[in-house]
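Each chain is listed here by its residues.
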Amino acid sequence: MLPNIEGIFLDLGNTLRILIKDEAHMARARQKIVELVGTDENPVTFCAKLDERYKVYRKWAFENLAEAPESEMWTHWLTPEFPAEKIASLGGELTFQFRQSMGRRVVVDGGKDVVIELHRRGYTLGIISNLIGTREIAEWMEEDGFTPYFQAVVLSSIYGKRKPDPSIYHEATRKAGVEPVNSVYVGDNLKRDVTGSREAGFGMVIIMISPEELAEATITDENRPDMFIHKFRQLLDVFPPRK
Amino acid sequence: MKKNTDIEAIFLDVGNTLRIVIPDEAFIAQSKQQLVELTGAKMSPEALHELLTERYKVLRKRAKEELIEASEKEMWTKWMLPDFPTDKIAPLSSKLTRLWRDCDGRRVPRPDVKMVVIELSKRGYLLGLIANTITETEIPDWMESDGISSYFKTVILSSKVGIRKPNPEIYWEAARRIGIEPAHCVYVGDNPVRDFEGTRAAGYGMFILFYEPATQAKEPPTGEIKPDYVIHECSDLLDIFPQR
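For clarity, every value in this text was computed on a predicted model and none was experimentally measured. (Residues numbered from 1 in each chain as written. Chains lettered and ligands numbered in written order. Predicted model: local features only at pLDDT ≥ 70, side-chain atom pairs only at ≥ 80, totals over all residues.)

*Asks:* Can you help me understand the overall build of chain A in this one?
*Replies:* Each helix and strand in chain A was counted, giving 11 helices and eight strands. Over its C-alpha trace chain A gives a radius of gyration of 19 Å, about what one expects of a compact globule, namely 18 Å for 243 residues. In terms of overall dimensions, chain A has C-alpha extents of about 60 × 35 × 30 Å along its principal axes. Out of the 243 residues belonging to chain A, those deemed buried represent 40%. (Helix = DSSP H or I, 4+ residues; strand = E, 2+ residues; numbered from the N terminus. Rg over C-alpha atoms; globule rule 2.2 N^0.38 Å. Buried ≥ 20, exposed ≤ 12 C-beta atoms within 10 Å, placed from the backbone.)

If you want it as structure tokens, here you go:
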């Protein structure tokens, strides 16, 4: 039997949105970063250096299931050689541009329609995502008209803890006003999304993965989700209107 | 000119040679429904079928590229339903395979199959089957229920031997099992490319193309394909192979 699902919590990267390697978009962001920091270095080499340092930061974040405040990420990890007082105040903008330097994020095919339809069918919707940056998501949701459909948006960059720490899932269900057991998590990561939402007591977990990637993946009793889907709109096949 | 009586063993393809698929809508709908019931998937038959189709495409691609065939068990536990516990799906894999194939339609033998099989056997030829197929049980069951099992000395299914046509190994395995040199074997199939190249690589004495417009349209011949004969009905084989 399917658990009685009331709350549907979505991942962002590779679930509701995908990253497009738009070179012009990325170049603009790199240019913006060197201007903000105030360096004469070539934007490409400077950002390549940031990418290397970001890997070190990511390692720390993964190991500690934590996310540093934006200003600290820049003063401590990414640009420690620049004056901290100046960099700290630019943390928000720098993070935003740094994310853009990785590519342009677009909503998956049919993403908005699916969200609206799930909402119409009576589900409480939320977002639980590991990411850096405090303003990008709120701005994007507002711009794309997603805001009214989500009762809870919990981002590691704001909450401070990262998936698979169970507390981030509990923060989301608490905000949304649903019980974990009546909640499903939809993500793309076979490791942390499955174990994290299970440990948090979620009633169900769905992994969105291409059939090709699925064929390559090693599925065990530990990382097996309740269901694999290949397209975001297949959520509509799984979740009928609530009575 | 080789003499047709040099041929001692006749190997036949199944799909589109001995049998064809009738796209019976009611039968297909019922099969899709049964897939939902058997798996207990909580979605509509169409949605489940669509999901499985996406996964099946990846499996098919690998099968065709590497000329290998998964067993029924591997097909369902690893490729088709990895989101279900292995110990639940494994025992159902044979039934699931049948239902999955039934989603294409109803498979029926061509009307003259039985008569031709009996007659070729009577004329002194050894008969065998070589088929690329995902099912391990349905073909032997059909042969049994139609009363033709006893006329076939060997049945080689890719799902059982793990390799697919046109890998020459599968034709050699067939020749070995029937105990006849490849040079004295003929293969009768509908795929002009695969069946021609495979049997030639395996050193079969002869290849007969069963002309099937659907196959020709789906996989048009590339390069030079020279079957020894082209037939349009099973009974044409009786004109080719006299009493030995």
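*Asks:* Can you walk me through the domain arrangement of chain B in this structure?
*Replies:* Many analyses report the size of an interface as the accessible area lost when the parts associate. Residues and elements named next belong to chain B. In terms of domain boundaries, chain B breaks down into domain 1 (4–20 + 108–240) and domain 2 (24–104). Inter-centroid distance (C-alpha atoms) of domain 1 to domain 2 is 26 Å. Of the residues that constitute the side of domain 1 that touches domain 2, the class distribution is two nonpolar, seven polar and three charged. (Domains from an automatic or database assignment. Nonpolar A, V, L, I, M, F, W, Y, C, P; charged D, E, K, R; others polar.)

*Asks:* Can you walk me through the domain arrangement of chain A in this structure?
*Replies:* All names here are of chain A. Here the domain parsing of chain A yields domain 1 (7–18 + 106–238) and domain 2 (22–102). Relative placement of domain 1 and domain 2: their C-alpha centres are 26 Å apart. Listed as interface residues are 11 residues of domain 1 and, on the opposing side, 10 residues of domain 2. The residue inventory of the side of domain 1 that touches domain 2, partitioned by class, reads one nonpolar, five polar and five charged. (Contact = placed C-beta atoms within 7 Å.)

*Asks:* I would appreciate a short explanation of the packing of helix α2 (residues 43–64) of chain A against helix α3 (residues 70–78) of chain A in the present structure.
*Replies:* Between two packed helices, both the angle of their axes relative to each other and the distance between the axes serve to describe the pair. All names here are of chain A. The contact between α2 and α3 brings their axes to 10 Å, and the two run at 105 degrees. Looking at the two axes, α2 sits roughly perpendicular to α3. Contacts between α2 and α3 involve Leu50, Arg53, Tyr54, Val56 and Tyr57 from the former and Met73, Trp77 and Leu78 from the latter. A per-class count over the contact of α2 with α3 returns seven nonpolar, no polar and one charged. (Axes fitted to C-alpha atoms, helices over the stretch in contact; angles between N-to-C directions. Parallel < 35°, antiparallel > 145°, perpendicular 65-115°, else oblique.)

*Asks:* Help me understand the sheet that holds strand β5 (residues 152–157) of chain B in this model?
*Replies:* Adjacent strands of a sheet form backbone hydrogen bonds with each other and so pair up, either parallel or antiparallel. All names here are of chain B. One open sheet accounts for six strands, arranged β5-β4-β1-β6-β7-β8; its pairing is parallel. The open sheet is flanked by β5 and β8 (229–231), the only strands paired with a single partner. Mean inter-strand twist for the sheet, computed between neighbouring axes without regard to direction, equals 20 degrees. Where helix α9 (residues 168–178) meets the sheet, its contacts fall on β1 (9–12), β4 (126–131), β5 and β6 (185–189), and the angle it forms with β5 comes to roughly 155 degrees. (Pairing = 2+ DSSP bridges.)

*Asks:* Hey, could you run me through the environment of A:Glu52 in this one?
*Replies:* Residue and element names in this part refer to chain A. Tracing the chain through its elements places Glu52 in helix α2. Using a count of 10 C-beta atoms within 10 Å as the deciding quantity, one classes Glu52 as exposed. In this structure, the C-alpha to C-alpha distance between Glu52 and Leu78, residues 26 residues apart in sequence, is 8.8 Å.

*Asks:* When you look at helix α9 (residues 192–199) of chain A in this model, what are you seeing that I'm missing?
*Replies:* Helical periodicity: at 3.6 residues per turn, an α-helix aligns residues three or four positions apart in one direction. Residues and elements named next belong to chain A. Listed in full, the buried residues belonging to α9 are Asp193, Val194, Gly196, Ser197 and Arg198. The secondary structure elements touched by the buried residues of α9 are α8 (166–176), β6 (183–187) and β7 (204–208). Note on α9: the residue one or two positions beyond its end, Gly201, has a positive phi of about 85 degrees.

*Asks:* Which parts of the structure should I look at to understand the interface of chain A and chain B?
*Replies:* The interface is formed by 15 residues belonging to chain A together with 12 residues belonging to chain B. At the level of secondary structure, the elements contributing two or more residues to the side of chain A that touches chain B comprise α10 (211–216), β8 (227–229) and α11 (235–238) of chain A. Top contributing element to the side of chain A that touches chain B by residue count: α10(A), with four residues. A class-by-class count of the residues in the side of chain A that touches chain B yields nine nonpolar, two polar and four charged.

*Asks:* Looking at this structure, I do not really get the sheet that holds β6(A). What am I missing?
*Replies:* Residue and element names in this part refer to chain A. Pairing is parallel in the open sheet, where six strands are placed in the order β5-β4-β1-β6-β7-β8. Of all strands in the sheet, those with a lone pairing partner are β5 (152–155) and β8, marking the two edges. Pairwise comparison of adjacent strand axes, ignoring direction, gives a mean angle of 20 degrees for this sheet.

*Asks:* Any chance you could explain the confidence of the model for chain B here in plain terms?
*Replies:* Fine structural detail should not be taken from predicted coordinates in areas where pLDDT scores are low. Mean pLDDT for chain B: 94, with 99% of residues reaching 70 or above. In the predicted complex, the global pTM is 0.88; the interface-specific ipTM is 0.82. (pLDDT = per-residue confidence, 0-100.)

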